[in-house]
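# Architecture and fold: a report
Spelled out, the chains give:
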Amino acid sequence: MTERKIALITGGSRGIGLACALELAKAGCDIIINDICDAEKAQPALDEIKACGVNSSFYQFDVSNDEQVQAAVDAMIKEHGKIDILLNNAGITKDGLFLRMDMEQWERVIKINLTSAYCVTHAVIKHMSKARQGSIINMSSIVGRHGNAGQANYSASKAGLIGFTQTLAKEFGSRNIRVNAVCPGFIQTAMTAELPNIDEYLKAIPMKRLGTPEDIAKVVKFLALDTEYVTGQAIEVAGGLMI
Ligand code: NAP
């Protein structure tokens, strides 16, 4: 029997993170989900993952708090012995036109969306490096590539993730660690539930529908498990938006 791969998914208790956790679980990976919410709130996600016949555990921590991250990753390594796949998925928005955007709005989004990738990856990659294998996937966004009015903070954080991805791909390729980014378009989750003018967005999407979390999960699974020679890429999964 081959040893199961272990995947850590941040912000994994709902939305795109949960869909990715389920896709990797169906492919036979054991899953560690993280979230900032408490264990009780994450329990339904954990139950759904375990129903795929794999092991799953939950770690509560704030992805942007370096001390919390380090302690949690140490505990994961003690529990599971390794982490093969890391999906840096947790993220937030705090939108507003730039002239009205205050420093708190700017710093919070950069911290949760970008500094978090430094914290979690820094803690995990040394274990991957020792094992001489790993796959890291950063959840960027189409707006990290093309910008979006009202999202200067969010676009900057997601563009930053692409530079981070390409740099780590160069630094760690020789250690057999691949680093890629996924750039979703408009995906149906809590994050986009409040979007005004959804019809305007639909007009701009050649496929004439919003994406589903499962659309993203299939690409994450491809990058995590199905390819061994793709690295440093930022793949747009957006139904043709922006082409
Ligand atoms: P979501 O439903 O809001 O899920 C985000 C998850 O991240 C939640 O479970 C949230 O926890 C968690 N989280 C937030 N802050 C955290 C922190 N400090 N530490 C740990 N976990 C934290 O959003 P989603 O739509 O699935 O988005 C997932 C990722 O895809 C994000 O990075 C987002 O930027 C990106 N993305 C989404 C879209 C889209 O259209 N939906 C498009 C492009 C990119 P709580 O629920 O407890 O707050």
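What comes next is a walk through the structure. From a predicted model like this one, the values you see are computed outputs, not experimental measurements.

Time to look at the overall build of the protein. When its secondary structure is counted, the protein shows eight helices and seven strands. Relative to a compact globule of 243 residues, whose C-alpha radius of gyration would be 18 Å, the protein shows 17 Å and is just as compact. Over its C-alpha atoms, taken along the principal directions, the protein stretches across nearly 50 × 40 × 35 Å. Scored against the burial criterion, the 243 residues of the protein give a buried share of 51%. Here the analysis covers contacts within the protein between residues at least 6 apart in sequence; of these, 73% occur between residues at least 24 apart. Computed over 25 positive and 27 negative side-chain charges, the inter-centroid distance for the protein is 5 Å.

In total, this model carries one cavity of 30 Å³ or more according to the counting rule given. In this structure, the largest cavity encloses a volume near 60 Å³. Mapped onto the lining of the largest cavity, the elements with two or more residues apiece are helix H4 (103-131) and helix H6 (152-172). Here the lining of the largest cavity takes three residues from H4, the largest share from any one element. Grouping the amino acids of the lining of the largest cavity by side-chain chemistry returns five nonpolar, five polar and one charged.

Our next topic: the nonpolar core. What tends to happen in soluble globular proteins is that the nonpolar side chains get buried as a cluster. Of all hydrophobic cores here, the largest spans 33 residues; its most connected members are Ile-31, Ile-33, Ile-49 and Val-182. Mapped by element, the contributors of at least two residues to this core are strand S1 (6-9), helix H1 (15-26), strand S2 (30-35), helix H2 (39-50), strand S4 (85-88), strand S5 (134-139) and helix H8 (213-226). Per element, the largest residue contribution to this core is eight residues, and it comes from H1. When sequence neighbours within four positions are dropped, the list of residues in contact with Ile-31 reads Ala-7, Ile-9, Ala-21, Leu-24, Ala-25, Ile-49, Val-54, Asn-55, Ser-56 and Ser-57. Judged by nonpolar contacts, the second largest core, of 29 residues, contains Val-120, Leu-168, Ile-177 and Val-179.

With that settled, the discussion passes to the sheet that holds S4. Two pairing modes exist for strands in a sheet, parallel and antiparallel, and in both the strands are linked by backbone hydrogen bonds. Pairing within the open sheet is parallel, and its seven strands lie in the order S3-S2-S1-S4-S5-S6-S7. With partners counted over all chains shown, the strands left at the sheet margins are strand S3 (56-60) and strand S7 (234-237), one partner each. For this sheet, the mean angle separating the axes of adjacent strands, direction not counted, is 20°. With three bridges connecting them, S1 and S4 associate as parallel partners. Looking at S4, one finds that Ile-9 is bridged to Leu-87. Across the sheet, helix H3 (residues 66-80) lies against S1, S2 and S3, angled at about 160° from S3, the strand it touches most. The strands that H6 touches are S5, strand S6 (177-184) and S7; relative to S6, the one it contacts most, it runs at about 160°.

So, about the site of the ligand. As a matter of local geometry, the ligand sits amid 29 residues, with Arg-14, Asp-35, Asn-89, Tyr-154 and Thr-189 nearest to it. Within the contact set of the ligand, a nitrogen atom lies 2.9 Å away from a side-chain nitrogen or oxygen of Asp-62. For the ligand, whose unbound accessible area comes to 900 Å², protein coverage reaches 92%. Judged by the fraction of its atoms near the pocket grid, the ligand is located in the largest pocket. Going through the elements one at a time, H1, S2 and H6 are the ones with two or more residues in the shell around the ligand. Split into classes, the residues belonging to the shell around the ligand amount to 14 nonpolar, eleven polar and four charged.

A few words now on the layout of surface pockets. Put simply, the largest pocket is a space of about 1,300 Å³. Lining the largest pocket are 47 residues, with Gly-91, Ile-92, Thr-93, Thr-189 and Met-191 positioned closest to its centre. Contributions of two or more residues to the lining of the largest pocket are made by H1, S2, H4, helix H5 (142-146), H6 and helix H7 (198-204). Here the element with the most residues in the lining of the largest pocket is H1; it accounts for three residues. One number sums up the size of the second largest pocket: a volume of about 180 Å³. Lining of the second largest pocket is provided by Lys-5, Asp-84, Ile-85, Gln-133, Gly-134, Ser-135, Asn-176, Arg-178, Ala-224, Leu-225, Thr-227 and Glu-228. Secondary-structure elements contributing two or more residues to the lining of the second largest pocket are S5 and H8.

Parameters at a glance
- Residues numbered from 1 in each chain as written.
- Predicted model: local features only at pLDDT ≥ 70, side-chain atom pairs only at ≥ 80, totals over all residues.
- Heavy atoms only, no water.
- Helix = DSSP H or I, 4+ residues; strand = E, 2+ residues; numbered from the N terminus.
- Rg over C-alpha atoms; globule rule 2.2 N^0.38 Å.
- Buried < 20%, exposed > 50% of the residue type's maximum accessible area, 1.4 Å probe, protein only.
- Contact = heavy atoms within 4.5 Å.
- Lys, Arg positive; Asp, Glu negative; His and termini not counted.
- Charge placed at Lys NZ, Arg CZ, Asp CG, Glu CD.
- 1 Å grid on protein atoms, 1.4 Å probe; cavity = no way out; pocket = protein on both sides within 12 Å on 5 of 7 lines; lining within 4 Å.
- Points joined across faces, edges and corners; volume = space filled by probe spheres on them.
- Nonpolar A, V, L, I, M, F, W, Y, C, P; charged D, E, K, R; others polar.
- Core = buried A, V, L, I, M, F, W, Y, C linked by side-chain atoms within 4.5 Å.
- Pairing = 2+ DSSP bridges.
- Axes fitted to C-alpha atoms, helices over the stretch in contact; angles between N-to-C directions.
- Near = heavy atom within 4 Å.
- Polar contact = N/O pair within 3.5 Å; in protein donor to acceptor, adjacent residues only side chain to side chain.
- Areas by Shrake-Rupley, 256 points an atom, 1.4 Å probe, with all protein chains shown as cover.
- Sits in = over half its atoms within 2 Å of the grid points.

These figures capture arrangement, not role.
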